[in-house]
Each structure stands twice: as C-alpha cells, then as structure tokens.
Amino acid sequence: TGLTASYNYTPNGADFGSTDQAADATTNGRNSAYEYGIVGTDAFGVKGLGLAYFANKEEKETSATKDLEGKMYQISYAAQGVTGGYSIHKQNRTSAEDALDKELKMQTIALTYAATKDITLGLTQLKTTTEETGKVDEKIRALQVGYNLGPVALIVSASRAEDVQGTSGNDVDELGVRLSTKF
C-alpha cells in the first residue's frame, strides 16, 4: 500500500543490434530518453483506490524535429468484486515526420465484475483522438468473459473497433478465445 516512485533513463534509445557499431551513423537517429512515474495502491489510506502518473521524454532526433513527450494519468477503484478505472494517455507526436506531428490522446474506461469466484465479466471502451488533418476519432469497445477452471483459465473476448487508425469506415470486429495456465 502507499505510493511508489520510479525513474528510468536510456542514454540512446536506438543503439542496439547492428547500429551499436556506428555511434554517429544516420541509422542511430534516436537520442536519450527518460521516464518517471508514481503508482499508488490503496492510495492515501483509501482501500481499493489506485492511482498512477507517468511522464516520458525522448530528446529530438535532429534539429528539424521535436522532442517526443508523453504523459499518462490513471485512477481506479475496487470494492466488493467490482473494479472501475479511467486513464488518459497523451503524446505530442503522431508521426516520425516533424511536419505531420500532432497531439494524440487516448482515453480508456474499464469496468470488471466478479460474478462468482470463477467467472469475471469485463467491459472496456477506448477512444483515440488526434489533431492530424483528415483523421477521425478511433473507438474500440470490448466485452470479456473469464472462467477459472482451476489451473486453467478460459477467456473469451469480443470487440468492435470503429475508424481504425483514424480512417472513417475502417471498422473491425474481432472474437478471441484464449486458454492460459499457471505453474
């Protein structure tokens, strides 16, 4: 319970694989990055309250581009088998091309309900908006049902995504079934 803080620094985000042999090569276009955050469980003494905040920044690639920056805010509350949560993710870049950079914002609302000790139901809605010209809001709605069979769990999910990647009419329906186990 309480708050936990973290900090992560990366001196060169693209310096891996074959690019680590030529530190100043054009393929080595990404610079240092950092992320810091605070996560709270039973935050401020309120049982079931979850909080999170993260921010990150990657230094600009060239003098012609901008720094990549992002933020995430999240709140959740759990009580008596019901958990609800809301999060906002923002970033200032939608493309690697500086001329096309626009803010991107994702909002997620989720609700889960433990119907029995073995059955859990979940609803999720995600909306992505961008300032990019010609793009529309992307919306995703999903329903999940989980069934605990002891050492094996069965999860069935159905989702509907509308205007995928900000393209009007680019809709997708998906049904997924997953079995998982723990050792």
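Predicted, not measured: the structure shown is a model, and the values here were computed from it.

Draft legend 1. Seen up close, the pairing of strand 5 (residues 82–91). The pairing of strand 4 (residues 68–79) with strand 5 spans 10 bridges and is classified as antiparallel. By the bridge assignment, Ala 79 is partnered in strand 5 with Val 82. Linking strand 4 to strand 5, which pair antiparallel, is a turn of 2 residues; within it Gln 80 sits at a positive phi near 50 degrees. Of the pairings in the sheet, the one linking strand 5 to strand 6 (residues 104–114) comprises 10 bridges and is antiparallel in character. Counted as the bridge partner of Gln 91 is Leu 104 from strand 6.

Draft legend 2. Spatial organisation of the pattern of salt bridges. A complete count under the given rule lists 6 salt bridges for this structure. For Arg 160, the salt bridge is made with Asp 171, and the minimal N-O distance between the two is 3.3 Å. Of this pair, Arg 160 sits in strand 9 (residues 152–162) while Asp 171 sits in the loop between strand 9 and strand 10 (172–181); the two residues are 11 residues apart in sequence, bridging distant segments of the chain. Judged by its relative accessible area of 33%, Arg 160 falls in the partly exposed class. Since its relative accessible area comes to 34%, Asp 171 is described here as partly exposed. One salt bridge in this structure joins Asp 173 and Arg 160, with 2.9 Å as the shortest N-O distance. Placement of the pair is Asp 173 in strand 10 and Arg 160 in strand 9, with a sequence separation of 13 residues. Residue classification places Asp 173 among the exposed residues on the basis of a relative accessible area of 55%. Put simply, Arg 141, Arg 160, Glu 162, Asp 171 and Asp 173 are held in one network by salt bridges that share partners.

Conventions and cut-offs
- Residues numbered from 1 in each chain as written.
- Predicted model: local features only at pLDDT ≥ 70, side-chain atom pairs only at ≥ 80, totals over all residues.
- Heavy atoms only, no water.
- Pairing = 2+ DSSP bridges.
- Helix = DSSP H or I, 4+ residues; strand = E, 2+ residues; numbered from the N terminus.
- Salt bridge = Lys/Arg side-chain N within 4 Å of Asp/Glu carboxyl O.
- Buried < 20%, exposed > 50% of the residue type's maximum accessible area, 1.4 Å probe, protein only.

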